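The primary structure of each chain is shown beneath.
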Amino acid sequence: MSERWKYQIKVGGIWGLFMTVFMAFFGVSDKPVLEQMQSGFFYFQMVCFLTVGIFVLGYSSWKAKLKREERK
């Protein structure tokens, strides 16, 4: 696996999991966390956050990292 993909998965995966947990705790006023985890929407939301995190956020972070390294 290339260095770029390792970086994208690490950065995007962390962001995706953080957003999933954050949104679950943010929605506690409507439903308890365990009830949210039993719904299909929770897992759909997790897959969406991970996908966006890895492909969009991870890629833009990789490009920014390359620019920072070029300046040195």
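Refer to the structure printed above.
Overview of the structure. (Residues numbered from 1 in each chain as written. Predicted model: local features only at pLDDT ≥ 70, side-chain atom pairs only at ≥ 80, totals over all residues. Heavy atoms only, no water.)

Topic: the layout of surface pockets
Stage number 1. Here the largest pocket defines a volume of roughly 190 Å³.
Stage number 2. Lining the largest pocket we find M23, A24, F26, G27, D30, K31, Q36, S39, F41, F42 and Q45.
Stage number 3. Those elements that provide at least two residues to the lining of the largest pocket are α1 (3–26) and α3 (40–71).
Stage number 4. Looking at side-chain class alone, the lining of the largest pocket contains five nonpolar, four polar and two charged residues. (1 Å grid on protein atoms, 1.4 Å probe; cavity = no way out; pocket = protein on both sides within 12 Å on 5 of 7 lines; lining within 4 Å. Points joined across faces, edges and corners; volume = space filled by probe spheres on them. Helix = DSSP H or I, 4+ residues; strand = E, 2+ residues; numbered from the N terminus. Nonpolar A, V, L, I, M, F, W, Y, C, P; charged D, E, K, R; others polar.)

Thoughts on the environment of K10
Stage number 1. Relative to the helices and strands, K10 resides in helix α1.
Stage number 2. In this structure the C-alpha to C-alpha distance between K10 and G53, which are 43 residues apart in sequence, comes to 9.5 Å.

So, the packing of aromatic side chains
Stage number 1. Scanning the entire structure with this criterion turns up seven aromatic pairs.
Stage number 2. Centre to centre, the rings of Y7 and W62 are 5.6 Å apart; their planes meet at 55 degrees, and the pair counts as tilted. A residue pair is termed long-range when its members are at least 10 positions apart, and Y7 in helix α1 and W62 in helix α3 qualify at 55 residues.
Stage number 3. Here the aromatic rings of F22 and F26 are separated by 6.1 Å at their centres, their planes lie at 15 degrees, and the arrangement is stacked. Note that F22 and F26 are positioned in helix α1 at a spacing of four residues, about one turn of the helix.
Stage number 4. Looking at F26, the relative accessible area reads 61%, which means it is exposed. (Phe/Tyr/Trp six-rings, centres within 6.5 Å; stacked < 30°, edge-to-face > 60°. Buried < 20%, exposed > 50% of the residue type's maximum accessible area, 1.4 Å probe, protein only.)

What about the environment of S39?
Stage number 1. Its location among the elements puts S39 in the loop between α2 (33–37) and α3.
Stage number 2. Since its relative accessible area comes to 23%, S39 is described here as partly exposed.
Stage number 3. For S39, the side chain forms a polar contact with the main-chain oxygen of Q36, separated by 2.8 Å. (Polar contact = N/O pair within 3.5 Å; in protein donor to acceptor, adjacent residues only side chain to side chain.)

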